[in-house]
Amino acid sequence: MSRTDTDSKFGDYGGQYVPEALMPAIEELTDAYERYVLDNEDGFVDEFRERLRDFGGRPTPLQRADRLSERYDREVYLKREDLLHGGAHKLNNALGQVLLAKYMGKDRIIAETGAGQHGTATAMAAAHLDVDCEIYMGRTDINRQRPNVFRMRIHDAEVNPVDIGSGTLKEAINETMRDWATNVEDTHYVIGSVVGPHPFPKMVRDFQSVISEEAREQVRDRAGRLPDSVVACAGGGSNTMGAFHEFVGDDEVDLVAVEAGGSELTIDEEEDLAPHSASLSTGEEGVLHGARTKLLQNRDGQILESHSVSAGLDYSGVGPELAYLADEGRVTPVNVGDDAALEAFHRLSKLEGIIPALESSHALAYLEANPESLGDLVVVNVSGRGDKDLDTVIEESDKRNLDAAPSMEVFEGGE
Amino acid sequence: MASDTPATESDITAAFADEPALVAYVAAGDPDAEATKEYVRALVRGGADVVELGLPFSEPVAEGPTIQQAIRRALDAGMTPDRYFDLVADLREDEEVDVPLVCMTYYNLIYQYGPDDVAGPEPFVAAAAEAGISGLIVPDLPVDESDPLKAACDAHGLDLVFIVAPTTTDERLGRMLDRATGFVYVQGRLGTTGARSDVSDETHVSLGRLDETDLPKAVGFGISERDHAREIVSGGADGVVVGSAFVDIVSEQEDTAARLEAKARELKAGALDGAEEMAQPEGK
């Protein structure tokens, strides 16, 4: 985190498309990012690393997946972000930003959340660092992610329901930006992914790049060389950029971003609905939530409602740096559908004894679909654990009569 | 319109020349395009000097709940940029609507408009000018990202209005005033659009910082009553921008046009009261 990396754009992507009222706060944040995060002023980075270790449990292991390696006849390693405190990579960023807010003298934290993982990580970090915390969450998401709502409340965060629109992540981001525009003087907005206006995409990437920093060392120790490919799921793209960043300069390492193909890769122009979240592989350039990036939008530029069985990938945009790296040919965007992701969820649970998040299951599904394309040595980022997804997985597997799903008839008949 | 004269010949600026101006906002297409025409006529009858016609975008981050819902209704009723320009062209044919029309929208709609192979804001600005729009207000486009749109507006003789916030630094203010035309939109308080019960102290501070500029200054965000308009104009503003108070009336759908006209008349009267107060202490 020592590079001088202060340009607000990635090629034509990125930038700062936000209301004027927020611009002074963004300039203040940019200054804080450069001083504390890039230049380690007042030992910020040292304290961040220490807390990631002691509170978060870093480093996370890079584990050889023995049965997957056998199944695909190549070396498969899993980067176990599911073992980070809280059960997902989200803490890397939340802890970094809440700590930065403290260094900046802001005593109130707000954040959006979709599936609830970022909200939970922010609530944990805020409790750990003794800062007030409010989370905005769409009403639909509150109803389908109850355990995470409980976790946020238990950490003493306020959870503010967002009722307008579809009641999901997109609306929660809008509402958090409105709160920030109102309370900008004492409040920091902990954005949950590599999206939003500069400096958020770079700052969140820097906090998450501990994933690839560790993985790069670990794979060299274990396998004696760099991998042929690194595979990570991509919604907004924070685990993706975290898993890729330190490998971007290694031209021999393919970087594969796996998006949610949802139920099909079409767009319903009548309903302004995309039954998928593949903005990187199918979207068009536009401006949303502060940045120019690739978006799911209609001809006029209205943003489409996206879909994925995985709430954490269900977003109409994607981080601007990923859009840039995809255009440059450095990152290969691909996608897999809901069904394949569900099967991959069950496969890893059975073969390796790891219940992956539905988000991470997309990366594992691509490995199943195209193992040859990934070379002899593959690192897959397991961005989170799947305990939060059990209700969804059982319901959706049942609906599809998935062969891979275990029978749950033990619950039937009342005995 | 004389296109060979420089952009200083702004019909928006001229609308502030004789007395304090009322800038009135409604969302185009809420609840449908025909109704919007009727509402614009009513606002002009009531004394609106500039009409700000919102082109609805699906993610309106600068708006409070009242205007968010109006935008939702307009989108659900099928408003699009092309239908918006048709609506504007119809209004320009209407002799009763003899005031400048300003388009308020978000940058993605401006950026996407036009043929797929042309990226950038120029096709939108050309279509807006052709339809009869006099200026643009784009709340998610800060001065830092405004070069392409500013160039297109200059080329087509449109004003680009910048919003000055209570948090705007002097350095940023200077950059905005270098580029601003039409009028300066003074955001009266932090937060989103929406009616409030008082005038914020921030308003007075912001107006004080703008003493030097030649452009008219209009204050928006939170103004809904005659007394607010009076206080703001007596505090040095050249006009007031009112949105949510009108959109509230539209949302209720009861005797809408008559109530819009009456509300406009009330706010305009408040602005005139304020101007009178301004004049008196000077002994004139």
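Worth saying up front: this structure is predicted, and the values here are computed from it rather than measured.

**Q** How would you sum up the overall build of chain B? Please name residues and give values.
**A** Scanning chain B for helices and strands turns up 12 helices and nine strands. Against the 2.2 N^0.38 benchmark of 19 Å for 284 residues, chain B shows a C-alpha radius of gyration of 18 Å, consistent with a compact globule. Taken along its principal axes, the extent of the C-alpha atoms in chain B is 60 × 45 × 35 Å. Sorting the 284 residues of chain B into buried and exposed places 61% on the buried side. Intrachain contacts of chain B at a sequence separation of at least 6 include 71% that bridge at least 24 residues. Approximately 10,900 Å² of chain B is accessible, and the part contributed by carbon and sulfur atoms is 45%. Measuring between centres, the 22 positive side-chain charges of chain B sit 4 Å from its 55 negative side-chain charges.

**Q** Can you tell me about the overall build of chain A, naming the residues and giving the values?
**A** The helix and strand tally for chain A stands at 16 helices and 14 strands. Relative to the globule expectation of 22 Å for 415 residues, the C-alpha radius of gyration of chain A, 20 Å, shows essentially globular dimensions. Its C-alpha atoms give chain A principal-axis dimensions of roughly 55 × 50 × 45 Å. Long-range pairs, those at least 24 residues apart, make up 74% of the contacts in chain A with a sequence separation of at least 6. A total accessible area of about 15,000 Å² is found for chain A, and carbon and sulfur atoms account for 42% of it.

**Q** Give a description of the nonpolar core that names residues and reports values.
**A** Y84(B), L136(B), L149(B) and F246(B) are the most contacted members of the largest nonpolar core, which totals 170 residues. With nine residues, helix α1 (residues 23-38) of chain A is the single largest residue contributor to this core. Beyond its immediate stretch of four places on either side in the chain, F246(B) contacts L22(B), A24(B), Y25(B), V26(B), L43(B), L260(B), K263(B), A264(B) and L267(B).

**Q** Quick rundown of the interface of chain A and chain B? Include the residues and the values.
**A** With 33 residues of chain A at the contact, the number on the chain B side is 37 residues. Of the roughly 3,000 Å² buried where chain A meets chain B, counting both sides, 50% is carbon and sulfur surface. Broken down residue by residue, the surface that chain A buries against chain B is led by E20(A), R178(A) and Q302(A), which jointly contribute 22%. Note that E145(B) is salt-bridged to K9(A), the shortest N-O span being 3.0 Å.

**Q** Tell me about the environment of V382(A), and name the residues and values.
**A** Residue and element names in this part refer to chain A. With respect to the helices, strands and loops of the structure, V382 is situated in strand β14 (residues 377-382). V382 sits in the buried class, given a relative accessible area of 1%. Separated by 201 residues in the primary sequence, V382 and A181 have C-alpha atoms spaced 35 Å apart. Setting aside chain neighbours within four positions, we find V382 in contact with L78, K79, R80, E81, D82, P356 and S360.

**Q** Please provide a residue-by-residue account of the sheet that holds strand β8 (residues 187-189) of chain A, values included.
**A** Residue and element names in this part refer to chain A. The four strands lie next to each other as β7-β6-β5-β8, forming an open sheet whose pairing is parallel. The open sheet has two edge strands, β7 (158-162) and β8, and neither has a second partner. If you compare each strand with its neighbour and ignore which way they point, the axes differ by 25 degrees on average. Relative to strand β6 (residues 132-138), strand β5 (residues 108-113) is paired through six bridges, and the arrangement is parallel. Residue pairing in the sheet places T113 in a bridge with M137 of β6.

**Q** Give me the environment of E59(B): which residues, what numbers.
**A** One can find E59(B) in the loop between β2 (50-54) and α3 (65-76). For the pair E59(B) and N108(B), spaced 49 residues apart in sequence, the C-alpha to C-alpha distance is 9.8 Å.

**Q** Before we move on, can you summarise helix α9 (residues 201-209) of chain B with the specific residues and values?
**A** Residue and element names in this part refer to chain B. All of the buried residues along α9 are T203, S206 and L207. Considered in projection along α9, the buried side chains sweep an arc of 100 degrees and stay on one side of the axis. When the buried face of α9 is taken as reference, the exposed residues oriented beyond 90 degrees from it are D201 and V205. The inward-facing, buried residues of α9 abut β7 (184-187), β8 (217-220) and α10 (226-234).

**Q** Would you mind going over the sheet that holds β2(B) in detail, with residue names and values included?
**A** All names here are of chain B. If you trace the nine strands from one edge of the open sheet to the other, you get β5-β4-β3-β2-β1-β9-β8-β7-β6, paired in parallel fashion. A strand with exactly one partner marks an edge of an open sheet, and here the two such strands are β5 (159-161) and β6 (163-164). Strand direction decides the pairing type here: strand β3 (residues 101-104) and strand β4 (residues 135-137), joined by three bridges, are parallel. When the bridges of β4 are listed, C103 appears paired with L136.

**Q** How would you sum up a negative patch on the surface? Please name residues and give values.
**A** Residues and elements named next belong to chain A. On the surface, D107, D130, D132, D156, E158, E185 and D186 cluster together into a patch of negative charge. Residue placement: D132 occurs in strand β6. With a relative accessible area of 56%, D132 lands in the exposed category.

**Q** Requested: an account of the layout of surface pockets, with residues and values cited.
**A** By volume, the largest pocket amounts to about 660 Å³. Lining the largest pocket are 30 residues, and of these E271(A), D272(A), R72(B), L75(B) and D76(B) sit closest to its centre. Of all the elements in the fold, those that place two or more residues in the lining of the largest pocket are α8 (169-183) of chain A together with α3 of chain B. Here the element with the most residues in the lining of the largest pocket is α3(B); it accounts for five residues. Looking at the lining of the largest pocket residue by residue, the class counts come to eight nonpolar, nine polar and 13 charged.

**Q** Let's hear about helix α6 (residues 122-131) of chain B: which residues, and what values?
**A** An α-helix turns once every 3.6 residues. As a result, residues three or four positions apart point the same way. Among all positions of α6(B), only P123(B), F124(B), V125(B), A127(B), A128(B) and A131(B) are buried. If you follow the buried residues of α6(B), they end up packed against α4 (81-93), β3, α5 (107-112), β4 and α7 (147-156) of chain B.

**Q** Could you give an account of the confidence of the model for chain B, with specific residues and numbers?
**A** Residues and elements named next belong to chain B. Considering every residue of chain B, the mean pLDDT works out to 93; 96% of them sit at 70 or more. Taken as a whole, residues 1-7 scores under 50 in pLDDT and shows two contacts with residues more than four places along the chain or in a different chain. Taken over the whole predicted complex, pTM reads 0.94, whereas the ipTM for its chain interfaces reads 0.93.

**Q** Go over the packing of aromatic side chains, please, and point to the residues and values.
**A** Taken as a whole and assessed by the stated rule, the structure comprises 19 aromatic pairs over all chains. An angle of 40 degrees between the planes, with centres 6.0 Å apart, marks the rings of Y107(B) and Y111(B) as tilted. Of this pair, Y107(B) and Y111(B) both sit in helix α5, separated by four residues, roughly a single helical turn. A relative accessible area of 1% means that Y107(B) is categorised as buried. Three or more aromatic residues link up through ring pairs in this structure, and these residues are Y36(A), F44(A), F48(A), Y103(A) and F207(A). A cation sits over an aromatic face here: K202(A) above F10(A), 4.8 Å from the ring centre.

Criteria and thresholds
Residues numbered from 1 in each chain as written. Chains lettered and ligands numbered in written order. Predicted model: local features only at pLDDT ≥ 70, side-chain atom pairs only at ≥ 80, totals over all residues. Heavy atoms only, no water. Helix = DSSP H or I, 4+ residues; strand = E, 2+ residues; numbered from the N terminus. Rg over C-alpha atoms; globule rule 2.2 N^0.38 Å. Buried < 20%, exposed > 50% of the residue type's maximum accessible area, 1.4 Å probe, protein only. Contact = heavy atoms within 4.5 Å. Areas by Shrake-Rupley, 256 points an atom, 1.4 Å probe, with all protein chains shown as cover. Lys, Arg positive; Asp, Glu negative; His and termini not counted. Charge placed at Lys NZ, Arg CZ, Asp CG, Glu CD. Core = buried A, V, L, I, M, F, W, Y, C linked by side-chain atoms within 4.5 Å. Buried area = accessible area lost by both parts, 1.4 Å probe. Salt bridge = Lys/Arg side-chain N within 4 Å of Asp/Glu carboxyl O. Pairing = 2+ DSSP bridges. Axes fitted to C-alpha atoms, helices over the stretch in contact; angles between N-to-C directions. Arc of directions from axis to C-beta. Patch = residues over 30% accessible without salt bridge, like charges linked within 9 Å, V, L, I, M, F, W, Y side chains within 5 Å. 1 Å grid on protein atoms, 1.4 Å probe; cavity = no way out; pocket = protein on both sides within 12 Å on 5 of 7 lines; lining within 4 Å. Points joined across faces, edges and corners; volume = space filled by probe spheres on them. Nonpolar A, V, L, I, M, F, W, Y, C, P; charged D, E, K, R; others polar. pLDDT = per-residue confidence, 0-100. Phe/Tyr/Trp six-rings, centres within 6.5 Å; stacked < 30°, edge-to-face > 60°. Lys NZ or Arg CZ within 6 Å of the ring centre and 35° of its normal.

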